[in-house]
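Summary of the model geometry
Take a look at the letters that make up each chain.
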Amino acid sequence: MVIIESIDKMKNEITAYKEKGLSIGLVPTMGCLHAGHISLIKKAIEENDIVIVSIFVNPTQFGPNEDFDKYPRTRKKDLEICRTNSCDFVLLPQSDEMYPEDFLTFVEVKSLGKVLCGISRPTHFRGVTTILTKLFNITKATRAYFGQKDAQQLIIVKKMVEDLNMDIEIIGCSTVRENDGLALSSRNTYLNDEERKDGLLLYKSLTLAKNLILNGEKNIEVIKKEMENTINSGKNTSIDYIEIVNSKTLKPVSKVEDNILIALAVKVGNTRLIDNIFIDLREKAI
Ligand code: PAF
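Here we summarise the structure given alongside this text. Numbering of residues starts from 1 in every chain and runs along the sequence as written. Only residues with pLDDT of at least 70 are given local features in this predicted model, and only at 80 or more are side-chain atom pairs given and counted; all residues enter the totals for whole chains, interfaces and linings. Think of the side-chain values as coming from all heavy atoms in the structure, minus any hydrogens and water.

Description of the overall build of the protein chain
- Helix and strand assignments come from DSSP, with helices taken as H or I runs of at least 4 residues and strands as E runs of at least 2, each series counted from the N terminus. Scanning the protein chain for helices and strands turns up nine helices and 10 strands.
- A compact globule built from 286 residues would reach a C-alpha radius of gyration of about 19 Å, and the protein chain, at 19 Å, matches this within 12%.
- Reported as C-alpha extents along the three principal axes, the dimensions of the protein chain are approximately 55 × 40 × 40 Å.
- Summary of the burial criterion: residues with accessible area below 20% of their type's maximum are buried, those above 50% are exposed, and those between are partly exposed, where the area comes from a 1.4 Å probe applied to protein chains only. A total of 286 residues make up the protein chain; the buried ones form 52% of that total.
- Contacts in the protein chain between residues far apart in sequence, at least 24 positions, make up 72% of those at least 6 positions apart.
- The charge count treats Lys and Arg as positive and Asp and Glu as negative. His and the chain ends do not count. By convention, charge coordinates are those of NZ in Lys, CZ in Arg, CG in Asp, or CD in Glu. Side-chain charges in the protein chain split into 39 positive and 40 negative, and the spacing between the mean points of these groups amounts to 2 Å. Only C-alpha atoms enter the radius of gyration; for comparison, a globular chain is expected to reach 2.2 Å times N to the power 0.38, where N is the number of residues. Contacts are assigned to residue pairs with any non-hydrogen atoms lying within 4.5 Å of each other.

Notes on the packing of helix H6 (residues 124-139) against helix H7 (residues 151-163)
- Packing of H6 against H7 brings their axes to within 11 Å, and their N-to-C directions diverge by 55°. Relative to H7, the element H6 is oriented oblique. Note on packing geometry: the crossing formed by H6 with H7 is right-handed. Contacts between H6 and H7 involve Phe 125, Val 128, Thr 129, Leu 132, Thr 133 and Phe 136 on the former and, on the latter, Gln 152, Gln 153, Ile 156, Val 157, Met 160 and Val 161. Axis angles are defined between N-to-C directions and span 0 to 180 degrees, where every axis is a line fitted to C-alpha atoms and, for a helix, only to the segment in contact. For classification purposes, an angle smaller than 35 degrees is called roughly parallel, one larger than 145 roughly antiparallel, one from 65 to 115 roughly perpendicular, and anything else oblique. Two helices that cross are described as forming a left-handed crossing if the nearer one is turned anticlockwise from the farther one by less than a right angle, and a right-handed crossing if clockwise.

Side note on H6
- A helix is expected to reach a length of 1.5 Å times the quantity of its residues less one. Between the first and last C-alpha of H6 there are 23 Å, a value that for 16 residues agrees with the 22 Å anticipated at 1.5 Å per step.
- Among the 16 residues that make up H6, 14 are buried, leaving the element largely enclosed by the rest of the structure.
- One or two residues past the end of H6 sits Lys 140, with phi positive at roughly 50°.

Some words on the site of the ligand
- When we say a residue is near a molecule or strand, we mean one of its heavy atoms is within 4 Å of it. Neighbouring residues of the ligand: Pro 28, Thr 29, Met 30, Asn 58, Gln 61, Val 128, Ile 131, Leu 132, Phe 146, Asp 150 and Gln 153.
- One of the side-chain N or O atoms of Gln 61 is found 2.6 Å from an oxygen atom in the ligand.
- Here an oxygen atom of the ligand sits 2.7 Å away from a polar atom, N or O, in the side chain of Gln 153.
- All accessibility values rest on the Shrake-Rupley procedure with a 1.4 Å probe; residue burial counts only the protein chains present in the view. Considered on its own, the ligand offers 290 Å² of accessible surface; in the complex 88% of this is hidden by protein.
- Breaking the shell around the ligand down by element, the ones donating at least two residues are strand E2 (24-29) and H6.
- Top element by residues in the shell around the ligand is H6. It accounts for three residues.
- Grouping the amino acids of the shell around the ligand by side-chain chemistry returns six nonpolar, four polar and one charged. Counted as a polar contact is a pair of N or O atoms within 3.5 Å, where, for protein atoms, one must be capable of donating a hydrogen and the other of accepting one, and residues adjacent in sequence contribute only when both atoms are in side chains. Under this grouping Gly is polar, as are all residues other than the nonpolar Ala, Val, Leu, Ile, Met, Phe, Trp, Tyr, Cys and Pro and the charged Asp, Glu, Lys and Arg.

Some points on empty space enclosed by the protein
- Only protein atoms enter the 1 Å grid used here. Points where a 1.4 Å probe fits but cannot escape make up a cavity, open sets with protein on both sides within 12 Å along at least five of seven lines make up a pocket, and a residue lines them when an atom lies within 4 Å of a point. Grid points are joined across faces, edges and corners, and a volume is the space filled by probe spheres set on the points. Within this structure, the stated rule accounts for two cavities of 30 Å³ or more.
- Taken as a whole, the largest cavity spans an internal volume of roughly 60 Å³.
- Taken together, Lys 149, Gly 181, Leu 182, Ala 183, Ser 185, Asn 188, Gly 199, Leu 202, Tyr 203, Leu 273, Ile 274 and Asp 275 form the lining of the largest cavity.
- Of the residues belonging to the lining of the largest cavity, the class tally is six nonpolar, four polar and two charged.
- By volume, the second largest cavity amounts to about 50 Å³.
- Considering the residues around the second largest cavity, the lining is formed by Glu 108, Val 109, Lys 110, Gly 113, Lys 114, Pro 122, Phe 125, Arg 126, Thr 129 and Ile 156.
- When residues in the lining of the second largest cavity are grouped by element, the largest group, three residues, is from H6.
- Among the residues making up the lining of the second largest cavity, the classes are represented as four nonpolar, two polar and four charged.

Remember, this is a structural readout, not a statement about activity or role.
Structure below.
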């Protein structure tokens with residue numbers, strides 16, 4: 001496994017593989033790798049000749065009062081995980097090379113980034129799409145892998161690739177959960193025992209919504225209210241949003257229809273957790 005910190009070095013290494021016609025799988029991460037990331041790495045290895053994991057805590061996707069400084073940085077353990085999972089390259093870009101002082105360009109997927117998480121994190125997705133554009137250009141990846149836990153991110157990245165005719169395939173992979181349902185997230189490391197228990201309410205409310213729908217409930221307000229009651233039963237929970245939207249446009253739906261995304265963000269203590277499920281009534285819930 002080769003660890004690369006320089007953009008030019010990464011580009012040079014990859015050029016040789018591309019010239020031979022080999023496929024490149026990219027797993028973009030901010031580190032603090034867990035089983036969710038490992039599932040992306042495994043899928044990338046299955047589907048590509050060469051796999052790159054990038055680790056970069058991207059400053060432009062954090063708002064001024066968010067957790068950029070305290071975001072967990074576990075480089076040694078992350079590299080070990082990449083090594084044991086047979087990654088070919090780990091890209092560890094340097095912040096001053098990614099964002100030099102004269103950096104001016106941002107990529108924004110307009111309306112999709114302004115709803116759901118974009119309401120309380122107005123510059124977040126612009127930061128995500130900008131760093132991903134850079135990573136896609138640097139690695140010349142054939143495919144890039146993302147967890148469905150960040151559903152809005154996944155939908156936005158797919159739209160960016162479509163709109164900007166980027167030569168990359170975006171692969172969404174199922175959310176990985178603890179046995180009790182908590183979606184894996186690097187931010188779970190912030191939770192104390194009591195908060196972790198409250199964190200379980202996110203998946204509990206999603207499961208409740210899914211069951212209501214599968215039993216024929218079509219009224220969005222009824223479903224949202226039940227979810228709200230579940231979340232509010234926690235001692236440390238405060239709802240940022242609970243939304244039921246079309247899974248492509250992210251526009252709220254007025255009644256349960258074929259392709260919906262049920263998404264929520266909840267503050268548990270000081271930690272903001274997100275989770276979601278996609279429901280396709282033709283295939284039942286996924
Ligand atoms: O999902 C993440 O970890 C980040 O948003 C990403 C895609 C690595 C961009 O910094």
